[in-house]
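One-letter residues, chain by chain:
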Amino acid sequence: MAADSVIAALNEQIGHEYAAHQQYVACAVYYDAETLPQLARFFYRQALEERDHAMMMVQYLIDADAPVHIPGVAAPQNEFADIVAPVALALAQEKRVTEQINTLAATSRAEGDYTSEQFMQWFIKEQVEEVATMSDLLRVVERSKTDPMDIEDFLAREHPAEEDEDPTAPHPAGA
Ligand SMILES: [Fe+2]
Ligand SMILES: [Fe+2]
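Rules and cut-offs
- Numbers given to residues run from 1 along each chain, matching the order in which its sequence is written.
- Whichever chain is written first is A, and whichever ligand is written first is 1; the rest continue in order.
- It should be noted that, the model being predicted, local features are given only for residues of pLDDT at least 70 and side-chain atom pairs only at 80 or more, the latter also being counted only at that level, while totals for whole chains, interfaces and linings use all residues.
- As a convention, hydrogens and water are excluded, and side-chain values are obtained from all of the structure's heavy atoms.
- Every helix listed is a DSSP run of H or I at least four residues long, and every strand listed is a run of E at least two residues long, numbered separately from the N terminus.
- A helix is expected to span 1.5 Å multiplied by its residue count minus one.
- Only buried residues count toward a nonpolar core, which is a set of Ala, Val, Leu, Ile, Met, Phe, Trp, Tyr and Cys residues joined through side-chain atoms within 4.5 Å.
- When accessible area is computed with a 1.4 Å probe and restricted to protein chains, residues below 20% of their type maximum are described as buried, those above 50% as exposed, and intermediate ones as partly exposed.
- Residues count as neighbours in contact if any of their non-hydrogen atoms are within 4.5 Å of one another.
- Excluding water, the donors of a metal are its N, O and S neighbours within 2.8 Å, or within 3.2 Å for Na, K and Ca, and that exclusion means sites may look incomplete.
- Orientation is described by lines fitted to C-alpha atoms, with helices fitted over the stretch in contact, and by angles between N-to-C directions that extend from 0 to 180 degrees.
- Under this scheme an angle from 65 to 115 degrees is roughly perpendicular, one under 35 degrees roughly parallel, and one over 145 degrees roughly antiparallel; angles in between are oblique.
- Crossing handedness is defined as follows: a turn of the near helix away from the far one that is anticlockwise and smaller than a right angle gives a left-handed crossing, while the clockwise case is right-handed.
- Any residue outside Ala, Val, Leu, Ile, Met, Phe, Trp, Tyr, Cys, Pro, Asp, Glu, Lys and Arg is labelled polar, Gly included; the first ten of those are nonpolar and the last four are charged.
- Any site counts as irregular unless it has four donors with all angles between 85 and 135 degrees, making it tetrahedral, or four or six donors with opposite ones more than 155 degrees apart and the rest between 65 and 115, making it square planar or octahedral.

Given 3.6 residues per turn, any residue in an α-helix points the same way as the ones three and four places further on. Along its 30 residues, helix α1 (residues 4-33) runs 44 Å from first to last C-alpha, staying within 8% of the 44 Å computed at 1.5 Å per residue. Phi for Thr-35, located one or two positions after α1, is positive at around 55°.

Another aspect to go through is the nonpolar core. Of all hydrophobic cores here, the largest spans 26 residues; its most connected members are Tyr-31, Leu-39, Phe-43 and Leu-137. Broken down by secondary-structure element, the contributors of at least two residues to this core are α1, α2 (37-63), α3 (85-110), α4 (114-143) and α5 (148-158). No other element matches α4, which puts six residues into this core. Residue contacts for Leu-39: discarding those within four places in its chain leaves Tyr-31, Leu-137, Ile-151, Glu-152 and Leu-155. Residues Ala-3, Met-56, Ala-66 and Ala-173 belong to the second largest nonpolar core, which totals 25 residues.

With that settled, consider the coordination of the iron ion (ligand 1). Looking at the iron ion (ligand 1), one finds its protein donor set to be Glu-17 (OE), Glu-50 (OE) and His-53 (ND1), positioned 2.1 Å from the metal centre. Along the chain, the residues that donate to the iron ion (ligand 1) are spaced as E-x32-E-x2-H. Metal-to-metal, the separation of the iron ion (ligand 1) and the iron ion (ligand 2) is 3.4 Å; Glu-50 coordinates the two. Taken as a pair, Glu-17 in helix α1 and His-53 in helix α2 lie far apart in primary sequence, 36 residues in all.

Moving on, we come to the packing of α1 against α2. Across the interface, α1 lies against α2 with an axial gap of 8 Å and an inter-helix angle of 165°. Put simply, α1 runs roughly antiparallel to α2. Considering how the two elements wind past one another, α1 and α2 form a crossing that is left-handed. Here the residues of the contact of α1 with α2 sort into 23 nonpolar, five polar and four charged.

Here we take up the packing of α2 against α3. Packed helices, taken two at a time, are described by their axes: the angle between them and the distance between them. Where α2 meets α3, the axes come as close as 13 Å, and the angle between the chain directions of the two elements is 15°. Compared by their axis directions, α2 and α3 come out roughly parallel. Crossing of α2 over α3 shows left-handed handedness. Where α2 abuts α3, its residues Phe-43, Glu-50 and Met-57 lie against Pro-86, Val-87, Ala-90, Glu-94 and Ile-101.

The iron ion (ligand 2) binds to the protein through Glu-50 (OE), Glu-94 (OE), Glu-94 (OE) and Glu-130 (OE); the donor distances cover 1.7 to 2.5 Å. Geometry at the iron ion (ligand 2) is irregular, judged from the four donor atoms that bind it and their angles of 55 to 146° at the metal. Taken in sequence order, the residues that donate to the iron ion (ligand 2) follow the motif E-x43-E-x35-E. You can call Glu-94 buried: its relative accessible area is 1%.

Structure follows, in structure tokens:
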């Protein structure tokens, strides 16, 4: 049985993951309008990953026979000063989510809810990857902001359309 405080925190985290989804769609649309299709594609795909994170938590709560409340989210930032700004925002967001995930794991352990603690392990690993990916991208975008085609080439080369499925990933609800 999942601990009540963990159930409440997971429901809150579902909102953070949906907020991340909306923010990444806004970033993708900004780059699409700037005719930077690789940056747009990268953020559209990141957005889908955030939606999956939310739906993995939904599935976990359903499996745990715990209540799920799908929340509304605040509007994301839609205007950006330059092509660096969305990536800087994304990195800050990933760092914030990492703290939220770590807190969820810590709460689970403190409550003796080891099932939820184990569920959070995949997200801890995922956050290491996402923070690393965004810091790399921020470095590239800052270095090449006057020559965005270099950024586009970097993404086409390093983040091609097909990414390997992660067989250890939790199942997203509805997938
Ligand atoms: Fe996420
Ligand atoms: Fe993320």
